[in-house]
Every structure is written in structure tokens, then in C-alpha cells.
Protein chains: 2
Amino acid sequence: MPTPCSRIVLASRPQGEPVPENFRLEQASLPDPGPGEVLVRTIWLSLDPYMRGRMDAAKSYAAPVPLGGTMEGGAVAEVLVSNADGIAAGDIVVGRIGWASHGVVRHDELRKVDPNIAPISTALGVLGMPGLTAWVGLNEIGTATADETVVISAATGAVGGLAGQLARARGMRVIGVAGGADKCAYALQELGFDACLDHRAGDARALGQEIRAAAPDGVDLYFENTGGKTLQAVLPAMNDFGRISVCGMIAWYSGQGIDAAPPLPFAWRLILTRRLRVQGFIVTDHTACSGAFMREVVPMVARGTIKFRETVTDGLENAPQAFMGLLKGANFGKQLVRVGADAG
Amino acid sequence: MPTPCSRIVLASRPQGEPVPENFRLEQASLPDPGPGEVLVRTIWLSLDPYMRGRMDAAKSYAAPVPLGGTMEGGAVAEVLVSNADGIAAGDIVVGRIGWASHGVVRHDELRKVDPNIAPISTALGVLGMPGLTAWVGLNEIGTATADETVVISAATGAVGGLAGQLARARGMRVIGVAGGADKCAYALQELGFDACLDHRAGDARALGQEIRAAAPDGVDLYFENTGGKTLQAVLPAMNDFGRISVCGMIAWYSGQGIDAAPPLPFAWRLILTRRLRVQGFIVTDHTACSGAFMREVVPMVARGTIKFRETVTDGLENAPQAFMGLLKGANFGKQLVRVGADAG
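The notes below deal with the structure included here. (Residues numbered from 1 in each chain as written. Chains lettered and ligands numbered in written order. Predicted model: local features only at pLDDT ≥ 70, side-chain atom pairs only at ≥ 80, totals over all residues. Heavy atoms only, no water.)

1. With respect to the packing of aromatic side chains
Counted by the stated rule, this structure contains ten aromatic pairs over all chains. Centre to centre, the rings of Phe23 of chain A and Trp99 of chain A are 5.7 Å apart; their planes meet at 10°, and the pair counts as stacked. You can see Phe23 of chain A sitting in strand E2 (residues 23-30) and its partner Trp99 of chain A sitting in the loop between strand E5 (92-95) and strand E6 (102-106), a full 76 residues away along the chain. Taking the centre distance of 5.1 Å and the plane angle of 90° together, the rings of Tyr186 of chain B and Phe332 of chain B count as edge-to-face. (Phe/Tyr/Trp six-rings, centres within 6.5 Å; stacked < 30°, edge-to-face > 60°. Helix = DSSP H or I, 4+ residues; strand = E, 2+ residues; numbered from the N terminus.)

In C-alpha cells:
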């Protein structure tokens, strides 16, 4: 018995920033799940900056979404029908279901979510892919060390917010960079950052001066989520043997601002003379760290020592608008779309 | 009894490429060596690209040469008078004597050179700082691995020539990039590289196509000595999890070519999507590797399995001209200045 399904497909590829015409809401019907598959209904859809890369035709680290294909994305869902051992109807799972109300997914592409640990939406945020990203960028890539200074861009985002709190817990000095006074106040007062600078308040030069003032001992680690003005401002403040964990560059995803970026030798000279280590990473290469990450962070979330914030948009049909806003920093914390009613 | 001494001082700071007026030959007299010091006469002066950075007023990783100060540089010298235990008149030593005919140097800033191992000039090249640089950039920074492909810029220079031969000995595929057909022929026929591409033969796009053709499995490691066109050509050919050992960027030392360089996002995107690790290094941070380096490379030089080439300029007074040529690639292999008669 086919299941009706709403989904958002890639209608056309964006030229620069995505526009509403790049997306199309479609009605479809899903086949019954085969052996080893489960039928799920989406509760929470995650929106993340990396999805912008999937909209381009060029292969990045993953294949692009084909024209007419369902937009990719992680989601928390309730199992309606299971043909897999170990998963039962009513279970809550997380997996790459896409921008869709329902999905038929292989059981080994899903992970069960325990609703007793924390709200199930956290499986897309602080206890999910963004959380692991923060942990890996700080520890595996950035080799964070107590008494060092870290700068984190997109500091109140799903990744940056946790990265900063984990760095504080390690005894680091944490300087956030975020867009707007309200986000900076939140980073200081709620997340406990030592400083947070508003990149919208001035140009790269002014931001650089603020970073130097906030980091009197220089910057040992830069957790890079944005590129753009923040990168330009941070680079000259890096200490000898500093590290840059290159996690994202949302300022450049749609091609804007590239002409205003400094030429490559600006960074290359500093990499050489300061002996910097600059390393890009993609969280899916580091799933082996999931155990260590969960062992550390789940108790912190359960105790309430880790704070997180969500921006919730209601209705799958509003996902494109929410995504376009995310790329401009309109969200505050983790951007979610409520696609279906919460379980229970 | 003061010792007469010729030396070349920094007369003015260059604007862009150095010109003869930036240097001045002076006559001076040296005081007698104090306790723990030795008086030496220079035999071989080493010229190296890093010296360009010392001519600028801005602090790089080392302090600039002051105006009127002796140009810095390593040299091989004969001890004339020793006030230090373990060093005797007649010994051959290597140390930072500068662009000068004589020097008074503390004994712990000198290392004795055994003339029976190889020509003493090799203490400034294949068995000296450039040799250690090659070893560190390949092993410590680049984590070179058999069956990988490495691209080496300035491939016939003092650093690149050894880096490529060590990489070949490790079982890597070695692709050099050098300036001119004669250097490329030497890299292929004498140094045993698998390929060597002439960066003067075309633009960055053409060079990029040649690199892709020469590296059908992509590039795992780029040993970066030049920046400029070669960097621009290599970056898009880097494999996932590739490494870039940033050792130098001679193409940009005098500021030329920077306007033609691609904007920073060009590299940043590739660092992220290919998960590259880009790391700058300065050999003086890695002297702890000297033992391992010498244990590996001395026997190879003694057996003749490592080839090296020197360009010798006669006379301290000609060092500025030789140095200006070095910055343009006029040398072929290690650039030396014969300042005094060889010992023995």
C-alpha cells in the first residue's frame, strides 16, 4: 500500500545565493518497505550549511543532488513500518531521510534515538552531526589544549556553540565571532564564552583589532566555519604553531564576497612564517569518534551544563525559506523544520 | 690583535626585488675571540631564499637584519684561533657566520664538519640545512608514504633535489616542477624523477593539465617551495587527505605576482572539500631530527646514490649578484659563494 509523501526537490541550480525558484514542493507516493527497510515519518528536519554545496553541479566531497531529486538532509523520524530486526514501529530514529515527510530507508542507515536522554531534536544538533563536528574539529583536527586561546566563527551556530562550550570545559580562552549583538550577548551570558565579537559591526581591519584585544596572548586555534571577513581578521592574530580547523566557509558558499577576499599569498605567508597547520575535515570521515563524543557530551547535556538553542520553522513547505535564511545567519542556534507532530 | 674582515651589509631595504644598491661591501676588523669563542675564516658561504625575508623591516619568524648590519647566512669555515674545548685551529666548522670573510663565533653555535665524509661544501647543502629541510618536509610534515605521488616545486634546488630523491627511495611517484628545459632534463636523467614540468613553458592552466597528466592517480603530497603559478596549478590536482608541506614561496618573496594570485577562497574550498592538511615549517624548529636525517642521508651521499649539484660564485663581493640571481632561479642546484681557499 503506497504511502503519500511530500518532498522538496531541487528545481534548478542556484546562481549565487539560492532563491525560492530553486526549490519545488512535490507530492509523491512511497513504495512499501522491502526486506531490511523501514518506513518512517519525519518529525524534525535538520537544515545545515553544507546543503548549499549539494545544490551545485560540481562534485564537492559528495555527489550533487540531481535536478528533480529530493534535497538531502538528516532528520529525526518515527518508524511506521519496520522490516528490520531491532527496529520496531514507534521507535525514534535519525538518518538521512531528506527534505521529505516520509521515507523508506535501509535499517543500517538509521540510528535509534533514546527519547529519555534529551529532546529527540538534539539528535540533529548538539548530540548529532553538528555536535560530533564540533568535537572532531576541536580535538582531532585542532588538538585543543588547556590554557590556549581559540576563536570560533559562527559562534552561536549548532557547531560553534558546542565547540565553544567544550573548549571552555577544557580550560581554553574562548572568543566567539557572530553576526549581531543579540548572538554575541547569548554567547557571553548563556554559553559562557570569554568574549564574542560582532562581525557586522565593522570591517575586517576593525574585527582584527578586536580579536587582538580579546586575545592578548594571540590565537592558538581557529575553528573556521565562515571564511570571509572573519578569516581575514583572525589569520594575522594566529600564534606560531597555531592550528586552523577548516569546517565550513558559509560566507563563500554562494560565491559572494570572493572578489573581496585577500589573495592567496596573504594566508600562505602566515602559514609559513607562523608554522600554522590548516586542515579541512568532513565529519563523516570521523564517525569512529562517535563513541568518545557521546560518552563525553551526553552526560553534559543531561546535566544541563551544555546549553543549546534551536530555531524552529513549522512545515516542510517552509524549509526553503528557512534554509535561505540560514545561509545569511537569520537562524539563532540549530535550524530545524518541524515536519510532523512529535511522538508521544 | 684585530683581524681584518670583509663583509656585506644591508645598505637599504628592497622595494620588491633586491637591487645592487641594497648591499654594501665593507672592510672592518674583528676583535680577538673571548673565552668560549673561536675566530674563523669563511671558505663557503651559503645563499638561500629565506634571506630575502631578513631584508624586510617586518618581523617574519626571525628578526630582520638591521640597516648597516651584516647579511645573515650559514657558512663553512676554517678555525684560525680557538678559545673553546673540543675545537682546534684547522678544524672545519659550519655555522651562522654571515656574509663575511671572517667571524668570531661562540663555540656552541658551530658544528664540526668531517671532511672525510663528503666535500665540506655539502654541510651547506645536501648534508646541511637544505638537506634537513627536505627530510623534515617530506617525513615530519608531509608524512610521505610509499606508492603515493608527490609534486616538488623548485625541483632542482638544494631542497627540492634531495626531497625528490628521498621520495623516490621511499617508493613514491615524484613529479618535479622547475624553471627551464635543462633543469627538467637534469631532474629526470640525473635525479631520477618520474616527471619534471617546466613552469616557464605555459600558464597555470597549462601547467595544471600537465600535472594531471603526470599524476594520473592525483597528488598526495605537495612539497611547496615556490607559491605562484605552481601552487595554483597543483592545488586542484590534490587528492582527498592530501598534504602540503609549506617550506617556501620564492615566487612571492619580493611581492611580485601577488596580484595575479587567485583569491584565498580558491585554496580554502579545496582544503575543506579535499580535507587537505597544509602545514608551514621552518627547519630550525626541527633540529631534533638531525640525527635521523644524518643516519639516513650520509650513507646515501657517501655511496653516491644521492646526487647534488652546486652553482659556485667566486668572491664575497659577488654574493649580492648571485643572491639576486637565486631569487630568479638563475642558479642550478645549491648556490654557494667561494669566499676563501678550501682547506688542505
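Let us keep going from here.
2. Remarks on the pairing of strand E11 (residues 219-224) of chain A
Residue and element names in this part refer to chain A. Within E11, six of the six residues are buried, which leaves it mostly tucked inside the rest of the structure. The pairing of strand E8 (residues 149-153) with E11 spans three bridges and is parallel. By the bridge assignment, Val150 is partnered in E11 with Leu221. The pairing of E11 with strand E12 (residues 238-246) spans five bridges and is classified as parallel. The residue bridging Tyr222 from the neighbouring strand is Ile244, located in E12. Taken together, E11, helix H6 (residues 228-234) and E12 form a β-α-β motif whose crossover is right-handed. (Buried < 20%, exposed > 50% of the residue type's maximum accessible area, 1.4 Å probe, protein only. Pairing = 2+ DSSP bridges. Right-handed = clockwise from strand over helix to strand, strands pointing away.)

3. Looking at the pattern of salt bridges
Scanning the entire structure with this criterion turns up 32 salt bridges over all chains. Residue Arg338 of chain A pairs with Asp314 of chain A through a salt bridge whose shortest N-O separation is 2.7 Å. Of this pair, Arg338 of chain A sits in strand E15 (residues 334-338) while Asp314 of chain A sits in strand E14 (residues 310-314); the two residues are 24 residues apart in sequence, bridging distant segments of the chain. Arg338 of chain A gets classed as partly exposed once you look at its relative accessible area, which sits at 34%. Here Lys112 of chain B makes a salt bridge to Asp91 of chain B, at a shortest N to O gap of 3.4 Å. Pair noted here: Lys112 of chain B is in strand E7 (residues 110-112) and Asp91 of chain B is in the loop between strand E4 (75-82) and strand E5 (92-95), with a separation of 21 residues, a long-range link. Within the structure, one salt-bridge network assembled from shared partners comprises Arg7, Arg24 and Glu26 of chain A. (Salt bridge = Lys/Arg side-chain N within 4 Å of Asp/Glu carboxyl O.)

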